[in-house]
Amino acid sequence: IAKRTKNLAYFEGGFETLVNKMEKYIIKKGGAILKGKIVENVRKTKDNWSVDGEEFDRVIITTPQPVAEKITGGYIQKHDSTHYLWGQTLIFEMNKKLMSGYWLNILDSSWPFLVVVEHTNMINKSHYNNKHIVYVGNYLPDGDPRLSATKEELISRYFPYLKRINTSLLKKDIYRAHLFRAPFAQPVFETNRSQHLPKMNQGGGLYLANMSMVYPFDRGTNYAIKMGEDVANLLAKDL
């Protein structure tokens, strides 16, 4: 709780702005970024590491734990205690304001979603074609029926609850909606997690850095950047 703050910031243009800046910096420094590349296996060779047949001196893996375990063929220690929830977000472009606040946590288990965020109550709607942008978010376990629902089915299910937030809301006030889903979005930490954290240095020139390792804090871009610096410094020190 002490790590949270009311002092919020937002990249103009979203985190894509940060990613694009990082890309330009990496390329300027002589690095290469392979877009759309799916890494299927990482294997230890006699002297180096083979990533889908291409040799490297050192490898940093930043995927979620189950993916890291899979692509390394068991080289990375398996952690059965690492559990994840899916992230699912339904984003509405609305013709009217939904609520006066920015962030609304839902603490009623009978509701079908966990949070409502009216983004344009922090960032002016002039940046978004003058539409009100509302995020309706969920963390869901594997197999939850909402993960297989269509966008239209979710809208129908969610709308009565959105109307309870704003009784004047009408279906026609929803200009457009966008549905996003991602596995491994939220690591769930068990009791005594600190005693079972994966090691960043996996040995032999292989390093692991992912969002299940930021314990006791929650996953976030702040911690991703810090972890990136930590693992890069560790690799440089080992070299």
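Definitions and limits used
Residues numbered from 1 in each chain as written. Predicted model: local features only at pLDDT ≥ 70, side-chain atom pairs only at ≥ 80, totals over all residues. Heavy atoms only, no water. Buried < 20%, exposed > 50% of the residue type's maximum accessible area, 1.4 Å probe, protein only. Helix = DSSP H or I, 4+ residues; strand = E, 2+ residues; numbered from the N terminus. Pairing = 2+ DSSP bridges. Axes fitted to C-alpha atoms, helices over the stretch in contact; angles between N-to-C directions. Contact = heavy atoms within 4.5 Å. Core = buried A, V, L, I, M, F, W, Y, C linked by side-chain atoms within 4.5 Å.

Attention now goes to the pairing of strand S8 (residues 132-140). Burial runs high along S8: 7 of the 9 residues are buried. As judged from the 4 bridges shared by strand S7 (residues 115-118) and S8, these two strands associate in the antiparallel manner. By the bridge assignment for S8, Val115 is matched with Gly137.

Attention shifts here to unusual backbone geometry. The linkage connecting Tyr215 with the following residue, Pro216, adopts the cis geometry, with an omega of 10°. Phi at Asn130 is positive, roughly 60°, even though this residue is not glycine. Tracing the sequence through the fold places Asn130 in the loop between S7 and S8. A residue is classified by how much of its surface remains accessible, and Asn130, at 48% relative accessible area, is partly exposed. The backbone phi angle of Asn192 is positive, close to 65°, even though this residue is not glycine. Along the chain, the position of Asn192 falls in the loop between strand S9 (174-188) and strand S10 (201-203).

Turning our attention to the sheet that holds S7. Within a beta sheet, neighbouring strands are joined by backbone hydrogen bonds and run either parallel or antiparallel to one another. Taken in spatial order, the 5 strands of this open sheet run S6-S7-S8-S5-S9, and their pairing is antiparallel. Every other strand in the sheet has two partners, leaving strand S6 (103-105) and S9 as the edge strands with one partner each. The mean angle between the axes of side-by-side strands here comes to 15°, regardless of whether they run parallel or antiparallel. Of the strand pairs in this sheet, S6 and S7 are connected by 3 bridges, and their pairing is antiparallel. Bridge pairing in S7 links Asn105 to Val115. Along the sheet face, helix H3 (residues 151-165) touches strand S5 (83-94), S6, S7, S8 and S9 and points at about 75° away from the line of S5.

Once that is clear, we can look at the nonpolar core. Of all hydrophobic cores here, the largest spans 20 residues; its most connected members are Leu90, Phe92, Met94, Leu98, Phe113, Val136 and Leu162. Elements with a contribution of two residues or more to this core: S5, S8, H3 and S9. When residues in this core are grouped by element, the largest group, 5 residues, is from H3. Sequence-distant contacts of Met94, that is, excluding residues within four places in its chain, are made with Lys131, His132, Val134, Leu162, Leu169, Asp173, Ile174 and Tyr175. By size, the runner-up hydrophobic cluster in this structure holds 19 residues, among which are Val42, Trp49, Leu206 and Leu208.

Purely spatial values, then, with no claim about function.
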